[in-house]
Amino acid sequence: MQTATAPLPTPGTPWVGNKRAQRSKLFDSFFSKSTFLASWGTVALLLWIALEVGYAALPAMRQFGFGFIIGTQWDPTSDQYGALPLIYGTLVSAGLALLIATPLGVAIAIFLTEDYLPLKLRSFCKFLVELLAAIPSVIYGLWGIYVVIPITTPLGNWLNAHFGWIPLFSTHSSGPGFLPAAFVLAIMILPTIAALSSSSLKTTPMNLKEGAAALGATRWDVILQISLPIAASGIIGAAVLALGRAMGETMALAMLIGNNTQISPSIFAPANTIASLLANSFGEATGLEVAALMYLSFILMALTLGINAVAEVILDRTGASTRHL
Amino acid sequence: MNAATKIHPTAAPRAMDLSRKLRWRSIFSRGMDGLVALMTLAALVPLVSVIYMVISKGAGNFRWSMLWQLPPAAGMDGGGFGNALVGTLLLVSIGALVSVPIGVLTAIFLTEYSLGSKSARIIRFCAKILSGLPSILAGVFIFGVLVATTHSFSVLAGGLALGILMLPIIILATEEALLRVPRFLREASLALGANRTQTVLHITLPAAASTIITGVMLAVARAAGETAPIIFTALFTSYWIGSLREPTASMAVLIYNFSSVPYDNLVNMAWTASFVLILIVLVTNIVSHVVANRSK
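Parameters at a glance
Residues numbered from 1 in each chain as written. Chains lettered and ligands numbered in written order. Predicted model: local features only at pLDDT ≥ 70, side-chain atom pairs only at ≥ 80, totals over all residues. Heavy atoms only, no water. Helix = DSSP H or I, 4+ residues; strand = E, 2+ residues; numbered from the N terminus. Rg over C-alpha atoms; globule rule 2.2 N^0.38 Å. Buried < 20%, exposed > 50% of the residue type's maximum accessible area, 1.4 Å probe, protein only. Contact = heavy atoms within 4.5 Å. Areas by Shrake-Rupley, 256 points an atom, 1.4 Å probe, with all protein chains shown as cover. Lys, Arg positive; Asp, Glu negative; His and termini not counted. Charge placed at Lys NZ, Arg CZ, Asp CG, Glu CD. Axes fitted to C-alpha atoms, helices over the stretch in contact; angles between N-to-C directions. Left-handed = near helix turned anticlockwise from the far one by under 90°. Nonpolar A, V, L, I, M, F, W, Y, C, P; charged D, E, K, R; others polar. Polar contact = N/O pair within 3.5 Å; in protein donor to acceptor, adjacent residues only side chain to side chain. 1 Å grid on protein atoms, 1.4 Å probe; cavity = no way out; pocket = protein on both sides within 12 Å on 5 of 7 lines; lining within 4 Å. Points joined across faces, edges and corners; volume = space filled by probe spheres on them. Domains from an automatic or database assignment. Buried area = accessible area lost by both parts, 1.4 Å probe. Salt bridge = Lys/Arg side-chain N within 4 Å of Asp/Glu carboxyl O. Core = buried A, V, L, I, M, F, W, Y, C linked by side-chain atoms within 4.5 Å. Phe/Tyr/Trp six-rings, centres within 6.5 Å; stacked < 30°, edge-to-face > 60°. pLDDT = per-residue confidence, 0-100. Parallel < 35°, antiparallel > 145°, perpendicular 65-115°, else oblique.

1. Some remarks on the overall build of chain A
Then, number 1: Broken down by element type, chain A carries 12 helices and two strands.
Then, number 2: Starting at the N terminus and walking to the C terminus, you meet the elements of chain A as α-α-α-β-β-α-α-α-α-α-α-α-α-α.
Then, number 3: Relative to its length of 325 residues, chain A is extended, with a C-alpha radius of gyration of 27 Å against a globular reference of 20 Å.
Then, number 4: C-alpha atoms of chain A, sized along the principal axes, occupy 100 × 70 × 35 Å.
Then, number 5: When the 325 residues of chain A are sorted by exposure, 54% land in the buried category.
Then, number 6: Summarising the internal contacts of chain A: among those between residues at least 6 apart in sequence, 74% fall at separations of at least 24.
Then, number 7: Split by element, the accessible area of chain A, about 15000 Å² in all, is 67% carbon and sulfur.
Then, number 8: Of the charged side chains in chain A, 15 are positive and 14 negative, and the gap between their average positions amounts to 18 Å.

2. Details of the overall build of chain B
Then, number 1: A count of helices and strands for chain B gives 10 helices and zero strands.
Then, number 2: Listed N to C, the secondary structure of chain B is α-α-α-α-α-α-α-α-α-α in terms of helices and strands.
Then, number 3: Its C-alpha atoms give chain B a radius of gyration of 28 Å, more than 25% over the compact-globule value 19 Å for 296 residues.
Then, number 4: Considering only C-alpha atoms, chain B reaches an extent of 100 × 65 × 35 Å along its principal axes.
Then, number 5: Counting across all 296 residues of chain B, residues that qualify as buried make up 50%.
Then, number 6: Here the analysis covers contacts within chain B between residues at least 6 apart in sequence; of these, 73% occur between residues at least 24 apart.
Then, number 7: Accessible area for chain B stands at about 13900 Å²; split by element, carbon and sulfur atoms hold 68% of it.
Then, number 8: Here chain B contributes 21 positively and 10 negatively charged side chains, and the mean placements of these two sets differ by 14 Å.

3. Digging into the packing of helix H6 (residues 183-191) of chain B against helix H7 (residues 196-225) of chain B
All names here are of chain B.
Then, number 1: As a packed pair, H6 and H7 sit with axes 10 Å apart at the nearest point and diverge in direction by 145°. Like other packed secondary-structure pairs, H6 and H7 cross with a definite hand, here right-handed. Contact residues: Leu185, Arg186, Ser189 and Leu190 in H6; Arg196, Thr199, Ile203, Thr204 and Ala207 in H7.
Then, number 2: A per-class count over the contact of H6 with H7 returns four nonpolar, three polar and two charged.

4. Focus: the environment of asparagine 280 of chain A
Then, number 1: For asparagine 280 of chain A, the position within the fold is in helix H11 (residues 274-281).
Then, number 2: Once the C-alpha coordinates of asparagine 280 of chain A and alanine 252 of chain A are considered, the two residues, 28 residues apart in sequence, prove to be 12 Å apart.
Then, number 3: Sequence-distant contacts of asparagine 280 of chain A, defined by excluding residues within four places in its chain, comprise Ala254 and Asn259 of chain A together with Tyr256 of chain B.
Then, number 4: One polar contact links asparagine 280 of chain A to asparagine 259 of chain A, side chain to side chain, over a distance of 3.1 Å.

5. Observations concerning the environment of valine 140 of chain B
Then, number 1: Of note, valine 140 of chain B is situated in helix H4 (residues 135-150).
Then, number 2: C-alpha separation for the pair valine 140 of chain B and valine 253 of chain B, spaced 113 residues apart in sequence, amounts to 16 Å.
Then, number 3: Those residues in contact with valine 140 of chain B, other than ones at most four positions away along the chain, are Val53, Leu278, Phe282, Met294 and Ser297 of chain A together with Phe232 of chain B.

6. A few points about empty space enclosed by the protein
Picture a little ball the size of a water molecule; that probe, rolled over the atoms, points out where space is still empty.
Residue and element names in this part refer to chain B.
Then, number 1: The full count for this structure, using the stated rule, is one cavity of 30 Å³ or more.
Then, number 2: Put simply, the largest cavity is a space of about 30 Å³.
Then, number 3: In this structure, the largest cavity is lined by Thr88, Leu91, Val92, Leu162, Ala223, Ala224, Glu226, Ile230, Ser250 and Ala252.
Then, number 4: For the lining of the largest cavity, the secondary-structure elements that each account for two or more residues are helix H2 (82-113) and H7.

7. A short note on the domain arrangement of chain B
Residue and element names in this part refer to chain B.
Then, number 1: Splitting chain B by domain gives domain 1 (2-61) and domain 2 (66-295).
Then, number 2: Summarising the inter-unit geometry, the C-alpha centres of domain 1 and domain 2 are found 42 Å apart.
Then, number 3: Taken residue by residue, the interface counts nine residues in domain 1 and eight residues in domain 2.
Then, number 4: Summing both partners gives a buried area of about 710 Å² for domain 1 against domain 2, and 79% of it is carried by carbon and sulfur.

8. Some details on the interface of chain B and chain A
Then, number 1: Listed by partner, the interface residues are 78 residues for chain B and 77 residues for chain A.
Then, number 2: Across the chain B-chain A interface, the total number found is three salt bridges.
Then, number 3: The interface formed by chain B and chain A includes 13 residue pairs in polar contact (both at pLDDT 80 or more).
Then, number 4: Here the side of chain B that touches chain A gets 20 residues from one element, more than from any other, and that element is helix H1 (residues 2-58) of chain B.
Then, number 5: Tallied by class, the residues present in the side of chain B that touches chain A amount to 54 nonpolar, 18 polar and six charged.

9. Things to note about unusual backbone geometry
Peptide bonds are mostly trans, and most non-glycine residues show a negative phi.
Then, number 1: Here asparagine 259 of chain A, not a glycine, exhibits a phi torsion of approximately 50°, which is positive.
Then, number 2: By the element assignment, asparagine 259 of chain A lies in the loop between helix H10 (251-256) and H11.
Then, number 3: Phi is positive for leucine 235 of chain B, which is not a glycine, with a value near 55°.
Then, number 4: Along the polypeptide, leucine 235 of chain B turns up in the loop between helix H8 (228-231) and helix H9 (251-259).
Then, number 5: Residue classification places leucine 235 of chain B among the partly exposed residues on the basis of a relative accessible area of 26%.

10. Brief notes about the nonpolar core
Nonpolar side chains in soluble globular proteins generally cluster together in the buried interior.
Then, number 1: Within the largest apolar cluster, 192 residues are counted, with the highest numbers of intra-cluster contacts made by Phe68, Tyr140 and Leu296 of chain A.
Then, number 2: Apart from residues lying up to four places away in sequence, phenylalanine 68 of chain A is in contact with Trp74, Tyr81, Gly82, Ala83, Leu84, Ala292, Tyr295, Leu296 and Ile299 of chain A.

11. Looking at the packing of aromatic side chains
Then, number 1: Inspection of every chain in the model, using the stated rule, returns 24 aromatic pairs over all chains.
Then, number 2: Measuring from centroid to centroid gives 5.1 Å for tryptophan 48 of chain A and phenylalanine 141 of chain B, while their planes differ by 85°, and the two rings are edge-to-face. A residue pair is termed interchain when its members come from two chains, as with tryptophan 48 of chain A in helix H2 (residues 18-64) and phenylalanine 141 of chain B in helix H4.
Then, number 3: Its relative accessible area of 46% is what places tryptophan 48 of chain A among the partly exposed residues.

12. A word on the confidence of the model for chain A
All names here are of chain A.
Then, number 1: With 93% of its residues at a pLDDT of 70 or more, chain A shows a mean pLDDT of 87.
Then, number 2: The least confident element of chain A, judged by mean pLDDT, is helix H1 (residues 2-5) at 44; the most confident is helix H4 (residues 84-113) at 94.
Then, number 3: Taken together, the stretch residues 1-6 has pLDDT below 50 and engages in zero contacts with residues farther than four places along the chain or on a different chain.
Then, number 4: Across residues 8-13, where pLDDT falls below 50, the model places one contact with residues more than four positions away in sequence or in other chains.

13. Considering the packing of H4 of chain A against helix H5 (residues 119-134) of chain A
Any two packed helices are characterised by the angle at which their axes cross and by the distance between the axes.
All names here are of chain A.
Then, number 1: Two numbers describe how H4 lies on H5: the axes approach to 10 Å, and their chain directions differ by 155°. Here H5 runs roughly antiparallel to H4, going by the angle between their axes. When the axes of H4 and H5 are compared, the crossing they make is left-handed. Side by side, H4 and H5 meet where Ile108, Leu112 and Thr113 of the first sit next to Arg122, Cys125, Lys126 and Val129 of the second.
Then, number 2: In terms of residue class, the contact of H4 with H5 is made up of four nonpolar, one polar and two charged.

Next up, the structure:
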């Protein structure tokens, strides 16, 4: 009854006022343009970062050229800058961390994807592993100073006393150095490796596993001969991505690696990385030192972004979801 | 017949051989089962140790007054980290204020306006690369653009550096959330005469809201703990902040600065600040985890 007596819109005019329709059309085009701007703005931001760092590094690039990369002196008092000890420290600490974290991460991935645990317990374990990534770097650093260094120092000294003839163990351990830094770094990149490895392990087709099991394969026959080969490229991608993360990691290393710009083959020697030198020096740097630090930043950016791009390409091909455990 | 007699003598030992192999294989399999379980446990030891240390060394010294007092001078007793707490909240808020709108708009562009196109692929690739940018380089960039040109460290600079780090996390999380909204919802809305913007604002975004909020919270949690990008953009002070153009203290930089000084009071304060910071970060993480699980 009510609807029948309600006035009908006059034919020929839309029931929304023309003005309102116009306004919503205007807003529609404004909104779509702003999404367009925001997304290309993100791309522009990345380019801007690269250009800004490169531009600020120009004075140092002119002064030192490519010799910067192989120079072994880093001395702000005499304005002598060479990046080799820092590049070495960055690569070695990240490499050591990767060496520790990859087997652990893959083991976790296997343990959490092959059905060992009841579902609830499994998702709780996943949550715990993800929490490892949530703890701030600076707290890992603090923990490293008071927990890890007191463990690695006597260990290092014992190894040095008994196996000192091996170059890796050739120095006394005075506390901060590659070993505690790499150990803490390994913990920090572990969740990345575990999460990405398990998502590529999950891509193994179930019928292949079941078929193998039906033919009498044990659980580990299936894992070693079917799941892991299928997931291999994903795991490699995960390790590469983790390497990039490890090289850019700053605070925990700044607190644990000892801030020493000398190259030593020993894993107990104090060293320095690009990122931790940046953290320690930028606040007070002036003149050419700022340019030299920018040059270092540029090198770090080229290294990490290059490595990340490689990892993205590898992971993209595997088609595994790259964000969750 | 001939063939059978030939096979028969070798068949028995081979079967025995096989069963021995099978036993060895199952022992090996069991052993590896134990090994991966052990390695998973081993990986959780540091987590337990960090949390234990932070609670035992940090929570013990906690006093409520720490939340509103200023850091003490070196060698003095008492004090707190009120200015650092305010600083961290300000820094994260500025970061979120900048990155959330841009990030959400970018994700909307990726899923609603250019799904599957070449430009979407380029933008997504850049977002992923940006998410791998070492956090310290965000600080270096802001230092070059803002700090070196204005000759002043400021909370604004620190907040913007955090915003750069939060941006890709928000883009990727929002994109995933929007992709999960069923297509028929959008089609129904469009069929009823709504335009794209109306569809996005009234249908798609509300449907994806809880997942987007999860992503934002994770980005906030990460930014709250970040130290490297603010250490030489927001710097540190022992005083209250007066304006957005002044340097500020923050929890993360306070922990770093006090971690290796020879004064027990300051070291203890670093632990207590860690306790508070971890509490903030973990609570944010757990809440977002619960929100995410509920939305599934």
